[in-house]
Amino acid sequence: MADGKLFIEDSRTSHRYEIPIHQNTVTAASFKQIKAPEDGSNPVHMVGDGLRLYDPGLKNTAVLKSGMTWVDGNRGLVLFRGLSSKEIWDCDYEDIAHLMLWGSVPSPEQKKRLKNDLAIAAHEVPAAVVKTVRSFPSTAPVMTIVMAGLSAYLGSNPEMIPTATGETLYHRNMDLVDKAIIRTLAAYSVVVGLTVSHRVGRTFVPPDLNKSHLENFLIMMGYVDEITREPHPKNMTCLDRLMAISPDQGLTNSTFSLLVTASSLADPISCIISAMAAGSGPLHFGASEAAYKAMAEVGRPENVPRLIEDVKAGKKRLFGFGSPAYKTIDPRITLIKGLLDELGDDRNPLLAVAAEIERIASTDEYFTSRKLHANADLYGVFLFIALKFPPEMIPIVMIHGRLPGMLAHWREAMGREITLLRPKLIYTGPTKSGQGSSKL
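Numbers given to residues run from 1 along each chain, matching the order in which its sequence is written. Selection of residues for local features in this predicted model requires a pLDDT of at least 70, selection of side-chain atom pairs for listing and counting requires 80 or more, and totals for whole chains, interfaces and linings are taken over all residues. Hydrogens are left out, water is left out, and the side-chain values use all remaining heavy atoms of the structure.

**Q** When you look at the overall build of the protein chain in this model, what are you seeing that I'm missing?
**A** Only DSSP runs of H or I with at least four residues qualify as helices, and only runs of E with at least two residues qualify as strands; both kinds are numbered from the N terminus onward. Helix and strand counts for the protein chain stand at 17 helices and four strands. In terms of overall size, the protein chain behaves like a compact globule, its C-alpha atoms giving a radius of gyration of 24 Å where 440 residues would be expected to give roughly 22 Å. Principal-axis analysis of the C-alpha atoms places the extent of the protein chain at approximately 80 × 60 × 55 Å. Three exposure classes are used, based on accessible area relative to the maximum for each residue type with a 1.4 Å probe and protein chains only: buried under 20%, partly exposed in between, and exposed over 50%. Taken over 440 residues, the protein chain has a buried fraction of 48%. We call two residues contacting when some pair of their heavy atoms lies within 4.5 Å. If you take every contact in the protein chain between residues at least 6 apart in sequence, the share linking residues at least 24 apart comes to 68%. Surface exposure here means Shrake-Rupley accessible area, sampled with a 1.4 Å probe, where a residue is shielded only by the protein chains that are shown. Approximately 22,700 Å² of the protein chain is accessible, and the part contributed by carbon and sulfur atoms is 53%. Charged residues are defined here as Lys and Arg on the positive side and Asp and Glu on the negative side; His and the ends of the chain fall outside this count. One atom stands in for each charge, and that atom is NZ of Lys, CZ of Arg, CG of Asp or CD of Glu. Across the protein chain, the centroid of the 48 positively charged side chains sits 5 Å from that of the 47 negatively charged ones. As a reference, a globule follows 2.2 Å times the number of residues to the power 0.38, and the radius of gyration itself is taken over C-alpha atoms.

**Q** Sorry, what's going on with the nonpolar core here?
**A** What is meant by a nonpolar core is a set of buried Ala, Val, Leu, Ile, Met, Phe, Trp, Tyr and Cys residues, joined one to another through side-chain atoms within 4.5 Å. If you look at the biggest cluster of nonpolar residues, it comprises 121 residues, and the most contacted ones within it are L150, M276, M295, F389 and W410. Looking at this core, the element that brings in the most residues is helix 6 (residues 174-200), giving 13 residues. With sequence-adjacent residues up to four places away left out, F389 is seen in contact with L218, M221, Y223, L239, F384, I394 and V397.

**Q** How should I be thinking about the packing of aromatic side chains in this particular structure?
**A** How two aromatic rings sit relative to each other is set out by the distance from centre to centre and by the angle between their planes. Each Phe, Tyr or Trp ring, with Trp reduced to its six-membered ring, pairs with another whose centre is within 6.5 Å; inter-plane angles below 30 degrees give stacked pairs, above 60 give edge-to-face pairs, and intermediate values give tilted ones. For the structure shown, the criterion picks out six aromatic pairs. When the ring of Y170 is compared with that of W410, the centres are 5.2 Å apart and the planes differ by 70°; the resulting orientation is edge-to-face. A residue pair is termed long-range when its members are at least 10 positions apart, and Y170 in the loop between helix 5 (162-165) and helix 6 and W410 in helix 17 (residues 394-415) qualify at 240 residues. According to the relative accessible area criterion, Y170 is buried, its value standing at 2%. On the basis of relative accessible area, W410 is assigned to the buried category, the value being 0%. Pairing F321 with F367 gives two aromatic rings, centres 5.7 Å apart and planes at 65°, and the pair type is edge-to-face. Within this pair, whereas F321 is found in the loop between helix 12 (304-312) and helix 13 (332-343), its partner F367 is found in helix 15 (residues 365-368), the two being separated by 46 residues in sequence.

**Q** How should I be thinking about the packing of helix 14 (residues 350-361) against helix 16 (residues 376-386) in this particular structure?
**A** Between helix 14 and helix 16, the least distance of the axes is 10 Å, while the angle of their chain directions is 170°. Looking at the two axes, helix 14 sits roughly antiparallel to helix 16. The interaxial crossing formed by helix 14 with helix 16 has left-handed handedness. Packed against helix 14, whose contacting residues are L350, L351, A354, A355 and E358, the element helix 16 presents L378, Y379 and F382 at the interface. Residue classes follow a fixed rule: Ala, Val, Leu, Ile, Met, Phe, Trp, Tyr, Cys and Pro count as nonpolar, while Asp, Glu, Lys and Arg count as charged, and any other residue, Gly among them, counts as polar. Each residue belonging to the contact of helix 14 with helix 16 can be placed in one class, and the counts come to seven nonpolar, no polar and one charged. The angle between two axes is taken between their N-to-C directions and runs from 0 to 180 degrees, where each axis is a line fitted to C-alpha atoms and a helix contributes only its stretch in contact. The labels follow the angle: roughly parallel below 35 degrees, roughly antiparallel above 145, roughly perpendicular from 65 to 115, and oblique for the rest. Take the far helix as your reference; a near helix turned counterclockwise from it by less than a right angle gives a left-handed crossing, and one turned clockwise gives a right-handed crossing.

**Q** Please clarify how the pairing of strand 3 (residues 69-72) should be interpreted in this entry.
**A** Successive residues of a regular strand alternate their side chains across the two faces of the sheet. When strand 3 meets strand 4 (residues 77-80), the two strands line up antiparallel, connected through four bridges. Bridge pairing in strand 4 places V71 opposite V78. Here a strand pair is declared whenever DSSP counts at least two bridges between the two strands. Counting the residues that bridge the hairpin from strand 3 to strand 4 gives four residues, and of these G76 lies at a positive phi of roughly 70°.

**Q** Would you mind going over the pattern of salt bridges with me for this structure?
**A** Opposite charge on two side chains permits them to pair, given that their charged atoms come into close proximity. The rule for a salt bridge is simple: a side-chain nitrogen of Lys or Arg has to be within 4 Å of a carboxyl oxygen of Asp or Glu. The tally for this structure, following the rule as stated, stands at 24 salt bridges. R16 is the salt-bridge partner of E9, the closest N and O atoms lying 3.4 Å from each other. On the basis of relative accessible area, E9 is assigned to the partly exposed category, the value being 49%. Of the charged contacts, one joins K293 and E289 as a salt bridge, the two residues approaching to 2.8 Å between their closest N and O atoms. Of this pair, K293 and E289 are both found in helix 11 (residues 287-298), four residues apart, which corresponds to roughly one turn of the helix. One connected set of salt bridges, linked through shared partners, spans R81, E412 and R416.

What follows is the structure, given as structure tokens:
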């Protein structure tokens, strides 16, 4: 039973309240009717304004409705527009991008149009973007360069910025929204290609109008066969299937950051930059890189017990383990292990370290009692390493596969009634002037 009523009695006033339950959810605004007299109360408690809900980390707060991605963390099930990863297993980038953005796997004609639109847009990159990327030291962090390159792209196209035009531009203007999405997808792939070429001192190869988006992405980065100068089909299949495993994960930290920015009616590139900044930390997209470096530090399987003890003692964090979304085994793990088998690259000695971490932690009461299981970062990093991506490049390539899902959230936001996301805070400081520190 998902619908009903919640009955509340406030001990402060003895008043009773009835709050509707719909889809096992109550609206937070319903609690504003629960008020108490302000006489004698601390003004910061704002009892006359209604009851507030305190949820640090937004662990049990829903902020929007969406039909895009369903994550059943208790059963380890994920559906993208109603389809599982296995159902889109043989789809490529254009297929999955169209599914996430426009709600269906494309027809041959729709797919051809999307491929052409992306290739054409990738040719339209301002010189300022190239100059900005090349202004960085070749050793600069990849994420930093890419965000700067995207900012340069946006600055060179002020017609994409609502405040620069004096208009809302995108809100409920879905034709313009879709054009901006194409430009954003193309800009990201080119900026990443420019960044990788700059870091390794390679001449940048522009996109080919006759290639798919993923082919062009790999060509621009220089990830091609030395003889044919074409991306290896096996590598392309692997990246397509990585995208099928996780084109979206609902309201992740980075997607929520994107939506906070979108709630001010910002352009899609600014929203993506917000998401990238949030995702750059070691607890999000940076987790794969952090997990790999941590395993490299462990070095050998026999050193894993010491790592586990340090984690349990609070001395270290175990990257690649535990997930806010899954309370059971991460369903992506099995698919990732299958891809590793397909690549046939089991020579990485750190794979044995990862397996030993999973083996020990999966039977240790400390982890099992907290429902902490291996997540996609523990093994997914080895796929990227097998594809010759260095650890610092992995977050950028992961975002490339997640970008259509992120932009699908932006598209949904532009199509619904906009509410500026501005949560409340509970003030804990002084309430009278002069009660604070005398030091300025």
